[in-house]
Amino acid sequence: MPVDIIKEKFTGKVQEVVLGATKEQGGTRAYTVKLGGSSTLPFLQFEGEIPNRPSIAIEIWDIKPDWSPSFDEYYADVWDDPVAWAKKAEEYGDIIYLRLRGADPELENSKSADECAKLVKKILENTGAPLIVEGPGFPDKDNEVLQAVAEAAAGENIALGVAEKDNYRSIAAAAMMGKHCIIGRSPVDINIMKQLNIMITEMGVPGDKIISDPLTGGLGYGIEYSYSIMERARWGALIGDKMMALPVICLAGPEAWRAKEPNAANEDAGPGWGDQKERGVIWEAMTAAALLQAGGDLILIRHPAAAQLIKKHLDALLVSNKY
Amino acid sequence: MAFYMIGERINGMFKDIGEAVAKFDPKPIQEWAIKQTQAGAAYLDLNVGPTAADRLKSMEWMAKIISEVSDVPIALDSTNYDAIEAGLIAIGKPGALINSCPNERAKIERVFPMAAKYGAGIVALTMDKSGIPLNADARVAHAMELVAAADEFGVPTDSLFIDPLILPCNVAQPHAPEVLEALRQIRTLCDPAPHTTLGLSNVSQNTPDRSLVNRTYVVMAICAGLDSAIIDVNDETMVEAIATADMLLNHAIYCDSYVKVFKQR
């Protein structure tokens, strides 16, 4: 008697979002990146389609960051040159993720919206990868900066971040004006995640222009809570909840490196922690690997070596397991 | 698990639709198709009613003009299976619903192969020639035979909408709790489970506050496993009650706009 293998049948799928625009599409990117599109749980290729490989975005800043010395090997010559840094970043990942930390209004030499826009333009002129730009994280300055950035990057289909429940209107308007994507961030809260997606959609931003950031935690610091939220969101997407069906970005790099463990110098390390250089990279890669299993469509990575590990890991995970 | 609302309004029993069917006037029919689609109907019931001179021709015509204004699949509601087949051909794509078929062998042999052929679902009634049974067990026994028939004729069990048949509470009150018990058991008959449905408005026939009876009973029934009903989708308080029950059962992820989202599906 033939055995029928029971497979889960889903009615919904994750919305597909395209980042970047090539010359034919009105931009200057060398290629575009498609996010989402899955009609199954992460990597269960035998139960549905996974048309797009999860993507890797590489984090860069517009000012010299206060990162661990283990990054110097890769970036020491570009700390003060974000354009050169962006060129390196596109070699390590699929997407450049620029954080405009220099526009922090509390900094002494806080960068103006105009300076930020000029930098974005310059990065676009010198790179080919799709771009994501995150504001400094202060609502008023974010609105001002992102509006200028959206105008400077018109036609390039970048993603602007981040919109939050109490500050999404101006960013959504800027994204719509420049026909860009928008990242909506909810504070590890599935209900706010859904509500924010609804509010952004109601502003008139189409579903294929919205990326959801559930503000995931790092390894050892609440990642299991993020995991359960992402899992539930994906499940909602697959059973037809369109407001849960937006592709998800996970900030693996920044969250992982916030912890003590990846940063602690060898002399401050606990027993069995191993060498900092390797430890930090693995801490970040493990964070990213867990978030990929939870359903991340786009993973933000900080360390080039961690990006390498994740690429290799994705290659292995995406070998067909259909039967 | 989603809840499927089947909009009841395009039925020749209603005066405006009856007149439209008699005169082949598409306007009122299309207006109700749009109105029910906007209210979140998952299916639009189509019943030509008693005034139609030629049920076959009317069914075909109505299916066509509804499809012109709405993408929502149609539930072809008739006891004349030739008319239903004419409707299925006019619709020309899978996903419609045949409403309905009782647990009678001759009718099963006519309807189930037709559903398989056109990729349609079936509203299957837990009754036979002897009528509607009172107790839950007898209703479930019918349901079991209908599930077996689906298997026999190659209809997926999740294309089956089993209707355990609710009767007016003012004349047949003991049926109400029996239907709830039947709903609980029908969900466990097979995997994937069949859907369940009810012609909900029946429960409130000739009661003074029909909407109150309808929405109270629908919430009780959803709690017992009901996942679809033929209802007045433009009864806002009822749809709000359904959306809330669906959310409280954790079928839909909560958000502040959950009622609005429910209607947009």
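Values in this document were obtained by computation on a predicted structure and should not be read as measured data.

Enquirer: Requested: an account of the interface of chain A and chain B, with residues and values cited.
Expert: Across the boundary between the two partners, chain A contributes 11 residues, which contact eight residues of chain B. Of all the secondary structure elements, the ones that give two or more residues to the side of chain A that touches chain B are helix 6 (190–202) and helix 7 (223–238) of chain A. In terms of residue count, the dominant contributor to the side of chain A that touches chain B is helix 6 of chain A (five residues). Classifying every residue of the side of chain A that touches chain B by side-chain character gives four nonpolar, four polar and three charged.

Enquirer: Describe the environment of Lys64(A), naming the residues involved and giving the relevant values.
Expert: Residue and element names in this part refer to chain A. Note that Lys64 resides in the loop between strand 3 (55–61) and helix 1 (72–75). In this structure Lys64 comes out as partly exposed when scored by C-beta crowding, with 15 C-beta atoms within 10 Å. Apart from the residues lying within four places of it in its own chain, the contact partners of Lys64 are Trp79 and Asp80.

Enquirer: Tell me about the sheet that holds strand 6 (residues 160–163) of chain B, and please be specific about residues and values.
Expert: All names here are of chain B. Taking strand neighbours across the sheet as the criterion, the eight strands line up as 7-6-5-4-3-2-1-8 in an open arrangement whose pairing is parallel. The open sheet has two free edges, formed respectively by strand 7 (195–196) and strand 8 (228–231), since each of these has just one partner strand. Of the strand pairs in this sheet, strand 2 (residues 43–46) and strand 3 (residues 74–77) are connected by three bridges, and their pairing is parallel. When the sheet's bridge partners are listed, Leu44 is paired in strand 3 with Ile74. Sheet strands in contact with helix 4 (residues 81–91) are strand 2, strand 3 and strand 4 (97–102), and its direction is about 160° off that of strand 3. Strands in contact with helix 5 (residues 105–118) are strand 4 and strand 5 (121–125); relative to strand 4, the strand with the most contacts, it is inclined by about 160°.

Enquirer: I'd love a proper account of helix 7 of chain A, names of residues and values included.
Expert: Because each turn of an α-helix spans 3.6 residues, side chains separated by three or four positions in sequence point in the same direction. Residue and element names in this part refer to chain A. Under the 1.5 Å per step criterion, the end-to-end length of helix 7 is 22 Å for 16 residues, consistent within 8% with the ideal 22 Å. Along helix 7, the residues that are buried comprise Ile223, Ser226, Ile229, Met230, Ala233, Arg234, Gly236, Ala237 and Leu238. If you follow the buried residues of helix 7, they end up packed against helix 6 and helix 10 (276–294).

Enquirer: Quick one: what's the story with helix 2 (residues 26–38) of chain B, residue by residue and with numbers?
Expert: Between its terminal C-alpha atoms helix 2 of chain B stretches 18 Å, which fits the 18 Å expected from 13 residues at 1.5 Å a residue. Taken from the residues just after helix 2 of chain B, Gly40(B) is the one with a positive phi, measuring 105°.

Enquirer: An account of the pairing of strand 10 (residues 298–301) of chain A is needed here, citing residue identities and associated values.
Expert: Residue and element names in this part refer to chain A. Residues of strand 10 alternate between two faces, with Leu298 and Leu300 on one and Ile299 and Ile301 on the opposite face, all of them buried. Bridge count for strand 3 against strand 10 is four bridges, and the pairing is parallel. Looking at the pairing, Ile56 lines up with Ile299 of strand 10. Relative to strand 10, strand 9 (residues 249–250) runs parallel, the two being bridged by two bridges. Note on strand 10: the bridge partner recorded for Ile249 is Leu298.

Enquirer: Please provide a residue-by-residue account of the packing of helix 2 (residues 82–92) of chain A against helix 3 (residues 113–126) of chain A, values included.
Expert: Residues and elements named next belong to chain A. Viewed as axis vectors pointing N to C, helix 2 and helix 3 meet at an angle of 40°, and their least axial separation amounts to 9 Å. Relative to helix 3, the element helix 2 is oriented oblique. Two packed elements cross with a definite hand, and for helix 2 against helix 3 that hand is right-handed. On helix 3, the residues that touch Pro82, Val83, Ala86 and Lys87 of helix 2 are Leu119, Lys122, Ile123 and Asn126. Residue composition of the contact of helix 2 with helix 3, grouped by class: five nonpolar, one polar and two charged.

Enquirer: Any details on the packing of helix 10 of chain A against helix 11 (residues 304–317) of chain A? Residues and values, ideally.
Expert: When two helices pack together, you describe them by how their axes are tilted relative to each other and by the distance separating the axes. Residue and element names in this part refer to chain A. Packing of helix 10 against helix 11 leaves a shortest axis separation of 9 Å and a crossing angle of 40°. One finds that helix 10 runs oblique with respect to helix 11. Every pair of crossing elements has a handedness; the one defined by helix 10 and helix 11 is right-handed. Of helix 11, the residues touching helix 10 (which contributes Val281, Glu284, Ala285, Ala288 and Ala289) are Ala305, Ala306, Leu309, Ile310 and His313.

Enquirer: Summarise the pairing of strand 3 of chain B; cite the residues concerned and give the values.
Expert: On a regular strand, each side chain points to the face opposite its neighbour's, so the side chains alternate between the two faces of the sheet. Residues and elements named next belong to chain B. Here strand 3 shows two buried faces, one formed by Ile74 and Leu76 and the other by Ala75 and Asp77. Traced from strand 2 through helix 3 (residues 55–69) to strand 3, the parallel crossover comes out right-handed. Viewed along the sheet, the connection from strand 3 through helix 4 into strand 4 turns out right-handed.

Enquirer: Can you explain the confidence of the model for chain B? Please cite residues and give values.
Expert: This prediction gives chain B a mean pLDDT of 95; 99% of its residues lie at or above 70. This prediction of the complex comes with two scores: 0.87 for pTM and 0.79 for ipTM.

Enquirer: Could you give me a rundown of unusual backbone geometry, with the residues and numbers involved?
Expert: Looking along the chain, the bond that leaves Gly161(A) and enters Val162(A) is cis, with omega of -5°. On the secondary structure map, Val162(A) appears in strand 6 (residues 159–163). For the bond from Asn99(B) to Ser100(B), the omega torsion is 20°, close enough to zero to count as cis. The residue Ser100(B) is located in strand 4 in this model.

Definitions and cut-offs
Residues numbered from 1 in each chain as written. Chains lettered and ligands numbered in written order. Predicted model: local features only at pLDDT ≥ 70, side-chain atom pairs only at ≥ 80, totals over all residues. Contact = placed C-beta atoms within 7 Å. Helix = DSSP H or I, 4+ residues; strand = E, 2+ residues; numbered from the N terminus. Nonpolar A, V, L, I, M, F, W, Y, C, P; charged D, E, K, R; others polar. Buried ≥ 20, exposed ≤ 12 C-beta atoms within 10 Å, placed from the backbone. Pairing = 2+ DSSP bridges. Axes fitted to C-alpha atoms, helices over the stretch in contact; angles between N-to-C directions. Expected span 1.5 Å × (residues − 1). Parallel < 35°, antiparallel > 145°, perpendicular 65-115°, else oblique. Left-handed = near helix turned anticlockwise from the far one by under 90°. Right-handed = clockwise from strand over helix to strand, strands pointing away. pLDDT = per-residue confidence, 0-100.

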